[in-house]
Amino acid sequence: MKAGDFLIRLLFLSALWIGFLWALGLIWPAANAHFSMSLASSLLFVVLCAVLYAGGLIALRRPDPNAFTGLVLASVFLKMIAALLFLFAYKHLVQPEGKWYVGIFLMSYVVY
């Protein structure tokens, strides 16, 4: 996939996701309290996707046939660590009421 196609699809997915989050906030007012966290987590995952895409292009050009597999394994681990760090930082800095922010964040994690 060309870089331009990747970016267009990633931006389209992000626009759909942010639209869904906005609509969720209209239907369920408790979700509005975590809209900024949802936007920040979406930005985190967009950046991770872009870095993974660039790493994938590099890994595919390497002569080592296991480079891409190693990248996939590392990316799964790093995405989980980044997600946990983000959640812990959000909980520590914002101190949100309730636990709904975790569910909203996990939906973002699955989408990206």
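See the structure above.
Just so it is clear, the model here is predicted, and its values are computed rather than measured.

Criteria and cut-off values
- Throughout this description, residue numbers start from 1 for each chain and increase along the sequence as written.
- Residues qualify for local features only when their pLDDT is at least 70, as the model is predicted, and side-chain atom pairs are given and counted only at 80 or more; totals for whole chains, interfaces and linings, by contrast, use all residues.
- Hydrogen atoms and water are omitted, and side-chain values are computed over all heavy atoms in the structure.
- Stacked, edge-to-face and tilted are the three classes for Phe, Tyr and Trp ring pairs, Trp counted by its six-membered ring, which pair at centre distances within 6.5 Å; planes under 30 degrees apart are stacked, over 60 edge-to-face, the rest tilted.
- Here a helix means four or more residues in a row that DSSP labels H or I, a strand means two or more in a row labelled E, and each is numbered from the N terminus.
- Each residue is assigned to one of three classes by its accessible area relative to the maximum for its type, calculated with a 1.4 Å probe on protein chains only: buried under 20%, partly exposed between the two thresholds, exposed over 50%.
- Throughout this description, the term charge over a ring refers to an Arg CZ or Lys NZ atom that lies within 6 Å of the ring centre and within 35 degrees of the ring normal.
- Note on geometry: axes are C-alpha line fits, over the in-contact stretch for helices, and angles between N-to-C directions span 0 to 180 degrees.
- Any angle that is under 35 degrees is reported as roughly parallel, and any over 145 degrees as roughly antiparallel; angles of 65 to 115 degrees are reported as roughly perpendicular and all others as oblique.
- In this scheme, a crossing is called left-handed if the near helix is turned counterclockwise away from the far one by less than a right angle; it is called right-handed if the turn is clockwise.
- Throughout, a contact is declared for two residues whenever any of their heavy atoms are within 4.5 Å.
- Note that Gly is not counted as nonpolar here; it falls among the polar residues with everything else outside the nonpolar set of Ala, Val, Leu, Ile, Met, Phe, Trp, Tyr, Cys and Pro and the charged set of Asp, Glu, Lys and Arg.

A. A look at the packing of aromatic side chains. For the structure shown, the criterion picks out eight aromatic pairs. Taking the centre distance of 5.7 Å and the plane angle of 80° together, the rings of Phe45 and Tyr109 count as edge-to-face. Taken together, the residues span a long stretch of sequence, with Phe45 in helix H2 (residues 35-61) and Tyr109 in helix H4 (residues 100-111) at a distance of 64 residues. By relative accessible area, which is 22% here, Tyr109 ends up partly exposed. The ring of Tyr109 carries Lys79 above its face, with NZ or CZ at 4.4 Å from the centroid.

B. Broad picture of the packing of H2 against H4. The geometry of H2 relative to H4 is characterised by a closest axis approach of 10 Å and an angle of 30° between their N-to-C directions. The angle between H2 and H4 falls in the class roughly parallel. Relative to H4, the crossing made by H2 is right-handed. Residues Met37, Ser38, Ser41, Ser42 and Phe45 of H2 pack against Tyr101, Ile104, Phe105, Ser108 and Tyr109 of H4. Tallied by class, the residues present in the contact of H2 with H4 amount to six nonpolar, four polar and no charged.

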